[in-house]
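This is what each chain is made of:
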Amino acid sequence: MTRASDLMDSEECPITFEEWVAFAREHPVLRQDEYLDLVDMGRQTLFTWISPAGGDVGFHWYRGRVALSGTHASDVDRTALADLAVELSANLIGDGGEHYTGSLGMGETEH
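All values derive from a computational prediction rather than experimental measurement.

> Would you mind going over the nonpolar core with me for this structure?
Burial of nonpolar side chains together is a common tendency in soluble globular proteins. Counting 23 residues, the largest nonpolar core has Met1, Trp20, Leu30, Trp49, Phe59 and Leu88 as the members making the most contacts within it. When contributions to this core are tallied by element, the ones reaching two or more residues are helix H1 (17–26), strand S2 (42–50), strand S3 (56–62) and helix H2 (78–87). Discounting chain neighbours no more than four positions away, the residues touching leucine 30 are Trp20, Phe23, Ala24, Thr48, Trp49, Phe59 and Leu84.

> I tried to follow the side chain of histidine 60 on my own but got confused; where do I start?
Residue position: histidine 60 is located in strand S3. In this structure histidine 60 touches Trp20, Leu36, Leu38, Gln44, Thr45, Leu46, Arg65, Val66 and Ala67, once residues within four positions along its chain are discounted.

> Is there a simple way to think about the side chain of threonine 71 in this case?
Of note, threonine 71 is situated in the loop between strand S4 (65–69) and H2. According to the relative accessible area criterion, threonine 71 is buried, its value standing at 16%. With residues near it in sequence (within four places) discarded, threonine 71 still touches Val57, Val76, Arg78 and Leu81.

> Help me understand the packing of aromatic side chains, please; the structure alone is not making it clear to me.
What describes a pair of aromatic rings is the distance from one ring centre to the other and the angle between the planes of the rings. Within the structure shown, the criterion is met by four aromatic pairs. A centroid spacing of 5.7 Å and a plane angle of 85 degrees characterise the contact between tryptophan 20 and phenylalanine 47, whose relative ring orientation is edge-to-face. Pair noted here: tryptophan 20 is in helix H1 and phenylalanine 47 is in strand S2, with a separation of 27 residues, a long-range link. Side by side, tryptophan 20 and phenylalanine 47 carry an identical accessibility label, which is buried. Each residue in the set Trp20, Phe23, Phe47 and Phe59 is aromatic and connected to the rest through ring pairs, giving one cluster.

What counts, and where the lines are drawn
- Positions within a chain are numbered from 1, following the residues in the order the chain's sequence is written.
- Where totals are concerned, whole chains, interfaces and linings use all residues; where local detail is concerned, this predicted model gives features only for residues with pLDDT of at least 70, and gives and counts side-chain atom pairs only at 80 or more.
- Side-chain measures were taken over the full set of non-hydrogen atoms in the model, leaving aside hydrogen atoms and water.
- The set of buried Ala, Val, Leu, Ile, Met, Phe, Trp, Tyr and Cys residues whose side-chain atoms join them within 4.5 Å is what this entry labels a nonpolar core.
- Summary of the burial criterion: residues with accessible area below 20% of their type's maximum are buried, those above 50% are exposed, and those between are partly exposed, where the area comes from a 1.4 Å probe applied to protein chains only.
- Numbering of helices and strands runs from the N terminus; a helix is a DSSP stretch of H or I covering at least four residues, while a strand is a stretch of E covering at least two.
- Pairs of residues are marked as contacts when any of their non-hydrogen atoms sit within 4.5 Å.
- Two aromatic rings from Phe, Tyr or Trp, using only the six-membered ring of Trp, form a pair when their centres are within 6.5 Å; if the ring planes differ by under 30 degrees the pair is stacked, by over 60 it is edge-to-face, and anything between is tilted.

Shown next, in the form of structure tokens:
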């Protein structure tokens, strides 16, 4: 999740760490789990989201964006993830640059 149109530009339009943690702690579908120790970023709080179809997705903040893990599983609803990104005033962009839209959009589109 990023506010930029490209993941590589996330630090230019950042989601701040404080903003992310406050959002995640207050959001009813996100659960605070453990911590992740990143060599270049230090300790990051991990949050988990359970897809309506049952898949787990992990979230942590990284350099102005929110990184997700577990999104490639077949039981993960990317439309619901895109809706969550919209609530954070952000975009859901895949590793290959694909942009995902939420339930108000037209599904996923490639950029």
